[in-house]
2 protein chains.
Amino acid sequence: MSAIGLPKTWNEQADVVVVGSGFAGLAAAIAAKNVGSSVLILGKMKACGGNSIVSDGCIAAASSTLQRKNGVQDSPELLHEDMLRAGFINHHELVRTVAERSNAVVQWTADYLGVKYRERLEQLGGHSVPRTYITYNQSGRDIVRPLLSKVKELGIEVRTRVYLNKLIIDADGSIKGVKVHEGYIFPDAESGSPKYIKARNAVILATGGYGNDIPFRAIQNPRLTEDVDSTNKPGTTAEALIEAMKVGAASVHLSWIQMGPWTSPDEKGTGVGPIFASLIAFPYGVVVDPATGRRFINELADRRIRADAILNIGKPCIAIADADGVIQSGQNIHRCLKKGVVRRFDTMEELATAYKIPHEKLKETVSRYNSYVANQKDEEFEKPILKGSKPLVHPPYYGIRLWPKVHYTMGGILINTKAQVINLCYQPIKRLYAAGEVTGGVHGACRLGSLAIADCLVFGRIAGMNAAAEKPWI
Amino acid sequence: MSAIGLPKTWNEQADVVVVGSGFAGLAAAIAAKNVGSSVLILGKMKACGGNSIVSDGCIAAASSTLQRKNGVQDSPELLHEDMLRAGFINHHELVRTVAERSNAVVQWTADYLGVKYRERLEQLGGHSVPRTYITYNQSGRDIVRPLLSKVKELGIEVRTRVYLNKLIIDADGSIKGVKVHEGYIFPDAESGSPKYIKARNAVILATGGYGNDIPFRAIQNPRLTEDVDSTNKPGTTAEALIEAMKVGAASVHLSWIQMGPWTSPDEKGTGVGPIFASLIAFPYGVVVDPATGRRFINELADRRIRADAILNIGKPCIAIADADGVIQSGQNIHRCLKKGVVRRFDTMEELATAYKIPHEKLKETVSRYNSYVANQKDEEFEKPILKGSKPLVHPPYYGIRLWPKVHYTMGGILINTKAQVINLCYQPIKRLYAAGEVTGGVHGACRLGSLAIADCLVFGRIAGMNAAAEKPWI
């Protein structure tokens, strides 16, 4: 093992050292600073924000003001139930923690950080009710920027290009600081100069997932070779998770890697696929197998069910919406059409021809779906027919090819509800906390859409407060 | 971390120290001894044989003599394909190693150990062809005993009640021996006296799965609480796997825990369920949901698909066979009837009444199934209609209630095709080998029936030979 002991001299120190500068890390830093700790944030890339800045800005809240305003019945218990239905091997107490605090954390972003949300709630796949807020520009940046402003306002230092080389563990089994490489240039693990930073209270790991770590993810799922695209930023890799395991952290659910069902093979990375598919076509349109022209899935099932269904048909499926669907969604379709990934057709026949779908079959499928909309009941796949849904009859029609990409890694470090890292003997590792995608257990086998930000902010804040409450060792 | 360095004095030594006394450990010990190493086998329980002695004695071989005799077309490639279809996240190169050596290893047990097999091959769920040998008494003991005889004949010492407390890792990252507790009494980790045993060449971990380790398995799958029964022996726990992780071993697929689809809630542990369901009712009968009287699954699908389908209906299903099925199976039904777990009925109506199945629906189901047998094609679930299958018309009829139990843990230590243990930096840990259920990757998300023994013996022998070939460090 390559765990290392205390250095002879420390180069610098802080009460709380936060590794990672995305949602979880920034929330943790703010929480720790606000209860009086000195805090240092370390990010490995050139810019702050990690993978969070490419997030879609969707965040779920159970029992929110907006739900009450719209007469939507919801509760933390129902959110808990939805998360367990999708994830089935989630750690219940972690799920409960996120579900119970989801509304408060959205309020915190609005009231304390000044994050602006749209006035409508979305119902994403796997959720029983509309409960998802979307930031004004539909982007994680809308939350990362206010977090960074607050960090600056509070006088917390954020240092970039700092790579976590080792967690420094003492003979008593507690974490005393970190060895880093300053001036690191991704992805060269040998770049930069070594430096030892003492953490008087604790270290918080908020280093994100491993969706773009090809060797690491391919061990857990050998199908996810370099040929499989990802929606994640390049820096979404596993080094810090591995360092945590080297000091004895237990891991959980590492082989559960989420494929997004709303990505297109006709563009790199995330692109416009998720906006069109997730917010327009899935709720207000249909998805068909081009070979048969038939639907094959509840378009609002959870991500795992939908992605597996697409992978099972073995080739890209086609998601379709009409002009009414676009209106109902409140989305700007022009953004989606720009790069030719979403295409516009004057008739359903033209759409069928373009995607090589048997036209008669597609007509039948759409007409059957329209009858479900009229009767408010999907008799084939039990898709919930959302308020405002209309039959697919108003041109223009829009289509996209969909094929899953690696989006999120459910597995990670085992934590408890205090965000303490748990070791292989089922005990907390002293002075080590973790939050966000680097942890596992909250989402089990399948994370629902709009629960990553909630998870990161809830557990980031818990980690920050608990780290600040540790008694300094020196 | 609790990894420990070298002791001041070693209490004893051997070239190769094998931890575990089941299929993998015994095969490893024999292989190492046969190339000239001194070998010591350490078992933690009172008796040798581990969980292997409760195995069903089924072992798959691709391209076997018995297949050629019966005109069955098979190949290592086809077995490889079957394993990947079921497991989908298996490590291909490990699968290939088992598939290519499966026939040779069965021959080795017959020729070298004198294991006696029945003259017929079974086709178990998920296999494309009949390729499974069964030992004469349908028990793992039929292989464990000859292995132990050979161990004795070769003069290898087997010591029981010896608990692995620590793997001893040197500053150069190589494993130099083990700290054990001699006189250990399961499950008291503090019992026995500490002893240091030097391994001049290498240590081989062959300590089995964690199917009965409630805290460990419940972290990976919180549904598997103590209320969920297991077919495994009490000693099937994770301590050695955890010790390997403490010295830096990478783990893989830990959250994939197999539920056997052929166990009955009307008996503890394994019982007679697997014999009746797996060898009689699944191949030659039907499985129905008692609420509907309908089949709901290909009775010869892989274990994961079948167990998930039963869990999905939410209550025990009923497996049914008739007198002809029993004859076709070549099984002794009286063994199954003894404890009242399998029940005998003179008419299908009596069976329906006993299990509260709507009789008319069941009659329809059976008659539809009989037409599939007549046409050699299951039009609903694509179950392969086996040679010798007959319509279900000959009383008496037999039934059993089935509900899944924890049977096998696919996850474990990451190894390469040399059976070397791989660490978190993707490098072999020097002088540390592993084989059998303690390892992960061979079976991916779902182990097919009759591939555990093949895996254990193939990788046990590889580990033994490679450990023996290491250059002694002293």
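Before going further, it helps to examine the overall build of chain A. Helix and strand counts for chain A stand at 14 helices and 20 strands. At 23 Å, chain A has a C-alpha radius of gyration in line with the 23 Å of a compact globule built from 474 residues. Counting only C-alpha atoms and orienting by the principal axes, one finds that chain A spans roughly 75 × 45 × 40 Å.

All names here are of chain A. Within the open sheet, the five strands sit side by side as β12-β11-β13-β15-β14. Their pairing is antiparallel. The sheet is open, and its two borders are formed by β12 (294-295) and β14 (343-345), each paired with just one other strand. Bridge count for strand β13 (residues 317-322) against strand β15 (residues 397-402) is six bridges, and the pairing is antiparallel. Bridge assignment links Ala-321 to a residue of β15, and that residue is Tyr-398. Sheet strands in contact with helix α13 (residues 359-375) are β11 (286-289) and β12, and its direction is about 150° off that of β11.

With that settled, the discussion passes to unusual backbone geometry. Of the consecutive residues A:Pro395 and A:Pro396, the connecting peptide bond is found in the cis state with omega at 0°. Mapped onto the elements of the fold, A:Pro396 is located in the loop between α13 and β15. Cis geometry is found at the peptide bond from B:Phe186 to B:Pro187, where omega equals 0°. Tracing the chain through its elements places B:Pro187 in the loop between β7 (175-182) and β8 (193-205). Despite not being glycine, A:Ala419 shows a phi value in the positive range, around 70°. By the element assignment, A:Ala419 lies in the loop between β17 (412-414) and β18 (420-422). Of the residues examined, A:Ala419 has 30 C-beta atoms within 10 Å and is grouped as buried. Positive phi, normally seen in glycine, also occurs at B:Lys356, with a value near 55°.

By a widely used convention, the size of an interface equals the accessible area lost when the partners come together. Residue and element names in this part refer to chain A. Taken domain by domain, chain A consists of domain 1 (12-212 + 407-468) and domain 2 (263-403). The C-alpha-based centres of domain 1 and domain 2 are spaced at 33 Å. A class-by-class count of the residues in the side of domain 1 that touches domain 2 yields six nonpolar, five polar and three charged.

This part covers the interface of chain B and chain A. Between chain B and chain A, the contact holds 25 residues from the first and 25 residues from the second. Going through the elements one at a time, α6 (214-220) and α7 (239-246) of chain B are the ones with two or more residues in the side of chain B that touches chain A. Per-class residue counts for the side of chain B that touches chain A are 16 nonpolar, seven polar and two charged.

Before going further, it helps to examine helix α14 (residues 452-469) of chain B. Two residues of an α-helix separated by three or four positions point the same way, owing to the 3.6 residues in each turn. With 18 residues, α14(B) should reach 26 Å at 1.5 Å per residue; the first-to-last C-alpha distance of 26 Å fits that figure. Within α14(B), 16 of the 18 residues are buried, leaving the element largely enclosed by the surrounding structure.

With that settled, consider the relation of the copies chain B and chain A. Between chain B and chain A, the superposition needs a rotation of 180° and an axial shift of 0.0 Å, giving an RMSD of 0.0 Å. With respect to symmetry, the two chain copies, as superposed, fit the operation of a two-fold axis. When you check the interface residues of chain B against chain A, 100% turn up at the interface there too, and the contact is symmetric in its surfaces.

So, on to the nonpolar core. Counting 310 residues, the largest nonpolar core has A:Ile204, A:Ala434, B:Ile204 and B:Ala434 as its most contacted members. With residues near it in sequence (within four places) discarded, B:Ile204 still touches B:Val16, B:Val18, B:Val19, B:Ala28, B:Tyr433, B:Ala434, B:Ala435, B:Ala463, B:Gly464 and B:Ala467.

All names here are of chain B. For helix α13 (residues 359-375), with 17 residues, the first-to-last C-alpha span of 24 Å sits near the 24 Å given by 1.5 Å per residue. All buried positions along α13 are accounted for by Leu-362, Thr-365, Val-366, Tyr-369 and Tyr-372. Within α13, the buried residues cover an arc of 115° as seen down the axis, which keeps them to one side. Those residues of α13 that are exposed and aimed more than 90 degrees away from the buried face are Glu-360, Ser-367, Ala-374 and Asn-375. Turning to α13, the residues buried within the fold contact β11 (286-289), β12 (294-295) and α12 (348-354). Residue Gln-376 follows α13 closely and has a positive phi angle near 60°.

Okay, the sheet that holds strand β15 (residues 397-402) of chain B next. Residue and element names in this part refer to chain B. Across the sheet, which stays open at both edges, the five strands sit in the order β12-β11-β13-β15-β14 with antiparallel pairing between neighbours. Every interior strand has two partners, whereas the edge strands, β12 and β14 (343-345), have only one. Bridge count between β11 and β12: two bridges; the pairing is antiparallel. Considered in β12, the bridge of Val-288 is made with Arg-295. Along the sheet, helix α8 (residues 273-284) makes contact with β11, β13 (317-322) and β15, crossing β13 at roughly 70°.

All names here are of chain B. Closest axis-to-axis distance for the helix α1 (residues 23-34)/helix α5 (residues 141-153) pair is 10 Å, and the angle between their directions is 30°. Classified by the angle their axes make, α1 and α5 are roughly parallel. The chirality of how α1 crosses α5 is left-handed. In this structure, α1 contributes Phe-23, Leu-26, Ala-27, Ala-29 and Ile-30 to the contact, and α5 contributes Ile-143, Leu-147, Leu-148, Lys-150 and Val-151. In terms of residue class, the contact of α1 with α5 is made up of nine nonpolar, no polar and one charged.

With that settled, consider the environment of B:Val178. Residues and elements named next belong to chain B. For Val-178, the position within the fold is in strand β7. We classify Val-178 as buried; it has 25 C-beta atoms within 10 Å. Taking the C-alpha atoms as reference, Val-178 lies 57 Å from Ile-357; in sequence the two are 179 residues apart.

With that settled, the discussion passes to the packing of helix α3 (residues 76-87) of chain B against helix α4 (residues 92-111) of chain B. All names here are of chain B. Taken N-terminus to C-terminus, the directions of α3 and α4 make an angle of 140°; their axes are 8 Å apart at the nearest point. Accordingly, the angle class assigned to the pair α3 and α4 is oblique. The crossing of α3 and α4 is right-handed. Counting all contacts with α3, which are made through Pro-76, Leu-79, His-80, Met-83 and Leu-84, the residues of α4 involved are Val-95, Arg-96, Ala-99, Glu-100 and Ser-102. Split by residue class, the contact of α3 with α4 holds six nonpolar, two polar and two charged.

Moving on, we get to the pairing of β15(A). On any regular strand, side chains alternate: one points to one face of the sheet, the next to the other face. Residue and element names in this part refer to chain A. Counted residue by residue, β15 has six buried out of six residues, so it is predominantly covered. In β15, alternate side chains face the same way, and those of Tyr-397, Gly-399 and Arg-401 on one face and Tyr-398, Ile-400 and Leu-402 on the other are all buried. Pairing geometry for β14 and β15, over three bridges, is antiparallel. Bridging from a neighbouring strand, Phe-345 pairs with Tyr-397 of β15.

Now for the environment of B:Asn201. Residue and element names in this part refer to chain B. Its location among the elements puts Asn-201 in strand β8. Once the C-alpha coordinates of Asn-201 and Asn-137 are considered, the two residues, 64 residues apart in sequence, prove to be 37 Å apart. Discounting residues that sit within four places of it in the chain, Asn-201 has contacts with Asp-15, Val-16, Ser-37, Arg-431, Ala-467, Ala-468, Glu-470 and Pro-472.

Below, the discussion takes up the environment of B:Pro290. Residues and elements named next belong to chain B. Along the chain, the position of Pro-290 falls in the loop between β11 and β12. Take Pro-290: there are 20 C-beta atoms within 10 Å of it, and that puts it in the buried class. Spatially, the C-alpha atom of Pro-290 lies 9.9 Å from that of Ala-319, the residues being 29 residues apart in sequence.

Taken over all residues, the pLDDT of chain A has a mean of 97, while the share at 70 or more is 99%. With a pTM of 0.96, the predicted complex shows an ipTM of 0.94.

Criteria and thresholds
Residues numbered from 1 in each chain as written. Chains lettered and ligands numbered in written order. Predicted model: local features only at pLDDT ≥ 70, side-chain atom pairs only at ≥ 80, totals over all residues. Helix = DSSP H or I, 4+ residues; strand = E, 2+ residues; numbered from the N terminus. Rg over C-alpha atoms; globule rule 2.2 N^0.38 Å. Pairing = 2+ DSSP bridges. Contact = placed C-beta atoms within 7 Å. Axes fitted to C-alpha atoms, helices over the stretch in contact; angles between N-to-C directions. Buried ≥ 20, exposed ≤ 12 C-beta atoms within 10 Å, placed from the backbone. Domains from an automatic or database assignment. Nonpolar A, V, L, I, M, F, W, Y, C, P; charged D, E, K, R; others polar. Expected span 1.5 Å × (residues − 1). Least-squares fit on C-alpha atoms with pLDDT ≥ 70 in both. Core = buried A, V, L, I, M, F, W, Y, C linked by C-beta atoms within 7 Å. Arc of directions from axis to C-beta. Parallel < 35°, antiparallel > 145°, perpendicular 65-115°, else oblique. Left-handed = near helix turned anticlockwise from the far one by under 90°. pLDDT = per-residue confidence, 0-100.

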